[in-house]
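# Commentary on secondary and tertiary structure
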Amino acid sequence: MAGGASDNDEEITGINVTPLVDVVLVLLIIFMVTANFIVRETVEVDLPRAANGGETVQGLVNVVLDKDGKFFFDGAEVGEAELSRKVAEAVAKDKDTRAIISADQSIPYGRVMRLIDVVKGQGIAKFALNIEKDVRPTPSPG
């Protein structure tokens, strides 16, 4: 039968999802590539605790380099070798010993770094830097 379209016509029953899959894959690739550019920088901060709660700092030493280049350990003047020995003794008593390193601002940067090397070299990983003008050694409260 010429001109008849009733036998060969089929209804479209499915949806072609190929373009949708292509778009999703492209978006996935874009998100994966841009996720590498998101930088989360963190800074570790040793926050103070209340006097009546939380942990207390057991091992705390004060190391001072005054404007004349003299070393002080917990208020007592020491030489560099003795300073290293005293820091090692403090670490031997308590592995979690912390240090407060104070130096006069007129001291050359290299001397302060040498002091930090001495403190870190004896096993103190956590220390605070205190830079003041005319720093004076004070005995530790412990």
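Above: the structure in question.
Residues numbered from 1 in each chain as written. Predicted model: local features only at pLDDT ≥ 70, side-chain atom pairs only at ≥ 80, totals over all residues. Heavy atoms only, no water.

## A few points about a nonpolar patch on the surface
- Where nonpolar side chains cluster on the molecular surface, the patch consists of I15, V17, L20, V21, V24, L25, L28 and M32 and spans about 790 Å² of accessible area.
- Tracing the backbone shows L25 in helix α1 (residues 18–35).
- Assessed through its relative accessible area of 44%, L25 is described here as partly exposed. (Patch = residues over 30% accessible without salt bridge, like charges linked within 9 Å, V, L, I, M, F, W, Y side chains within 5 Å. Areas by Shrake-Rupley, 256 points an atom, 1.4 Å probe, with all protein chains shown as cover. Salt bridge = Lys/Arg side-chain N within 4 Å of Asp/Glu carboxyl O. Helix = DSSP H or I, 4+ residues; strand = E, 2+ residues; numbered from the N terminus. Buried < 20%, exposed > 50% of the residue type's maximum accessible area, 1.4 Å probe, protein only.)

## A word on the pairing of strand β1 (residues 60–65)
- The element β1 is extensively covered by neighbouring structure, given that 5 of its 6 residues are classed as buried.
- Bridge count for β1 against strand β4 (residues 98–104) is 6 bridges, and the pairing is parallel. Looking across to β4, one finds that V64 is bridged to S102.
- Summarising the sheet, β1 and strand β2 (residues 71–73) pair through 3 bridges and their orientation is antiparallel. From the neighbouring strand, L65 faces β2, where its bridge partner is F71. (Pairing = 2+ DSSP bridges.)

## Notes on helix α2 (residues 80–93)
- Helix length check: α2 (14 residues) gives 20 Å between terminal C-alpha atoms against 20 Å at 1.5 Å per residue, within 8%.
- Along α2, the residues classified as buried are L83, S84, V87, A90 and V91. Across the axial projection of α2, the buried residues extend over an arc of 125°, all falling on one side. More than 90 degrees from the buried face of α2, the exposed residues found are A81, A92 and K93.
- Among the structural elements, β1, β2, β3 (76–78) and α3 (109–121) are those in contact with the buried residues of α2. (Expected span 1.5 Å × (residues − 1). Arc of directions from axis to C-beta. Contact = heavy atoms within 4.5 Å.)

Geometric descriptors of this kind do not, in isolation, establish any biological role.
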